Amino acid sequence: MLMPSSRWYSAIMTRRSRRQFAPKPVDVNILAHIKRFCDEFRPFQTARAVLVTETPDKVFKGAIGHYGKIKGAPAFIAFIGNMDDPNIQEKVGYLGEGLILEATASGLATCWVGGFFRPEIASLLAGAGQNEKVLAVTPVGYAGEDMSLEDKIMAGFGRNHRRKPLSELVTGLEEIKWPAWMREALDAARLAPSAVNRQPWRFHVEQDKIIVLVDNLKDTFNISKRLDCGIAMLHIEVAALHRDIKGEWEFLKSPEVARFRFKN
């Protein structure tokens, strides 16, 4: 399916992680739309998303995260990967962020949860198959009227607050020579969510390409840094398409993750 780049680009700029949800069901038409998107947005054969339309309380029970528990969500999306694929972490990150941006654009609140949930329960509810694993989930629902302390902390980590400057993240072509689409793509990647705001991605740029790599090979919080990099990859492509720039991804060996090359 075609990526709705303008819709998702706007969602990149407005998305906030929310852990507190209003105690009301999601409109059935919106749920149907999100389910259809889960079924149809399959950029990679080995990664998929499943909308589970029941409370995720069991998924989060006993799993208290760094910023507190998820409360009140009426549904969740499971991001599932086939673990035989050596690039599955970045593929799930890319896929999952597409679903999160679509949910955001549809008026729903979300929150990436990669380390503090019960994957065995999520796998059972989502119907994970052989060699598949739920690598992350997001609750979905309407945001509560009042932001909790945890939500305020998460919102404080967003946008430019406590974000590393591009000067710390980018090597290669000097900034004055970056084409406009590349600057916009890197700015969007800088806004990508990551586990506990660790921002593990780094970028090496040349005239017509951006290489995504991890800062180091040590994963933290039991979450792959390559999954975070997959989220940044999607932001790069969305922002490039917003500038009418089309490209393609090539997956690379560690510590590099993938290369986005501009197509004439």
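Note that this is a predicted model, so its numbers are computed, not measured.

Visitor: Describe the packing of aromatic side chains, and please don't skip the residues or the numbers.
Guide: Tallied over the full model, the rule gives 9 aromatic pairs. Here Phe 44 and Phe 251 contribute two aromatic rings whose centre-to-centre distance is 5.7 Å and whose plane-to-plane angle is 65°, an arrangement assigned as edge-to-face. Note that Phe 44 is positioned in the loop between helix 2 (28-40) and strand 1 (47-52) and Phe 251 in strand 7 (residues 247-251), a separation of 207 residues in sequence. An aromatic cluster is built from Trp 181, Trp 249, Phe 260 and Phe 262, whose rings are joined through pairwise contacts. Directly above the aromatic system of Tyr 142 lies the positively charged group of Lys 24, at a separation of 4.9 Å from the ring centroid. Taking the ring centre of Phe 251 as reference, the NZ or CZ of Lys 91 above it sits at 5.1 Å.

Visitor: So what's going on with the sheet that holds strand 3 (residues 132-140)? Residues and values would help.
Guide: With antiparallel pairing, the 3 strands of this open sheet are ordered in space as 1-2-3. The open sheet is flanked by strand 1 and strand 3, the only strands paired with a single partner. Along the sheet, successive strands turn relative to each other by an average axial angle of 20°, direction set aside. Here strand 1 pairs with strand 2 (residues 75-82) via 6 bridges, running antiparallel. When the bridges of strand 2 are listed, Arg 48 appears paired with Ile 80. Packed onto the sheet, helix 4 (residues 88-105) meets strand 1, strand 2 and strand 3 and runs at close to 155° relative to strand 2.

Visitor: So what's going on with the packing of helix 2 against helix 4? Which residues, and what values?
Guide: Viewed as axis vectors pointing N to C, helix 2 and helix 4 meet at an angle of 160°, and their least axial separation amounts to 11 Å. Compared by their axis directions, helix 2 and helix 4 come out roughly antiparallel. The two elements helix 2 and helix 4 cross, and the hand of that crossing is right-handed. Along its contact with helix 2, which presents His 33, Ile 34, Phe 37 and Cys 38, the element helix 4 presents Leu 99, Glu 102 and Ala 103.

Visitor: Tell me about the sheet that holds strand 8 (residues 256-262), and please be specific about residues and values.
Guide: Across the sheet, which stays open at both edges, the 5 strands sit in the order 4-5-6-8-7 with mixed pairing between neighbours. Of all strands in the sheet, those with a lone pairing partner are strand 4 (170-172) and strand 7, marking the two edges. For this sheet, the mean angle separating the axes of adjacent strands, direction not counted, is 20°. For strand 6 (residues 209-214) and strand 8, the ladder comprises 5 bridges, and the chain directions are antiparallel. Looking at strand 8, one finds that Val 212 is bridged to Ala 258. This element, helix 8 (residues 180-190), spans strand 4, strand 5 (201-206), strand 6 and strand 8 of the sheet and lies at about 175° to strand 5.

Visitor: Help me get a handle on helix 5 (residues 119-126), residues and values and all.
Guide: When we look at burial in helix 5, the residues that qualify are Ala 122, Ser 123 and Ala 126. On an axial view of helix 5, the arc spanned by its buried residues comes to 100°, and they lie on one face. Those residues of helix 5 hidden inside the fold are in contact with strand 1, helix 3 (57-60), strand 2 and strand 3. In the stretch just after helix 5, Gly 127 is the one whose phi turns positive, near 75°.

Visitor: I'd like a rundown of the pattern of salt bridges, residues and numbers included.
Guide: Two side chains carrying opposite charge are able to pair once their charged atoms lie near each other. One pass over the structure, following the stated rule, counts 14 salt bridges. Among the ionic pairs, Arg 48 bridges to Glu 132, the shortest N-O distance being 2.8 Å. Of this pair, Arg 48 sits in strand 1 while Glu 132 sits in strand 3, placing them 84 residues apart in sequence. A relative accessible area of 23% means that Glu 132 is categorised as partly exposed. Here Glu 90 and Arg 226 are joined by a salt bridge, their closest N and O atoms 2.8 Å apart. One end of the pair, Glu 90, is in helix 4; the other, Arg 226, is in helix 9 (residues 225-242), and 136 residues separate them in sequence. Glu 90 sits in the buried class, given a relative accessible area of 0%. One network of salt bridges, in which partners are shared, links Glu 206, Asp 208 and Lys 209.

Parameters and conventions
- Residues numbered from 1 in each chain as written.
- Predicted model: local features only at pLDDT ≥ 70, side-chain atom pairs only at ≥ 80, totals over all residues.
- Heavy atoms only, no water.
- Phe/Tyr/Trp six-rings, centres within 6.5 Å; stacked < 30°, edge-to-face > 60°.
- Helix = DSSP H or I, 4+ residues; strand = E, 2+ residues; numbered from the N terminus.
- Lys NZ or Arg CZ within 6 Å of the ring centre and 35° of its normal.
- Pairing = 2+ DSSP bridges.
- Axes fitted to C-alpha atoms, helices over the stretch in contact; angles between N-to-C directions.
- Contact = heavy atoms within 4.5 Å.
- Parallel < 35°, antiparallel > 145°, perpendicular 65-115°, else oblique.
- Left-handed = near helix turned anticlockwise from the far one by under 90°.
- Buried < 20%, exposed > 50% of the residue type's maximum accessible area, 1.4 Å probe, protein only.
- Arc of directions from axis to C-beta.
- Salt bridge = Lys/Arg side-chain N within 4 Å of Asp/Glu carboxyl O.

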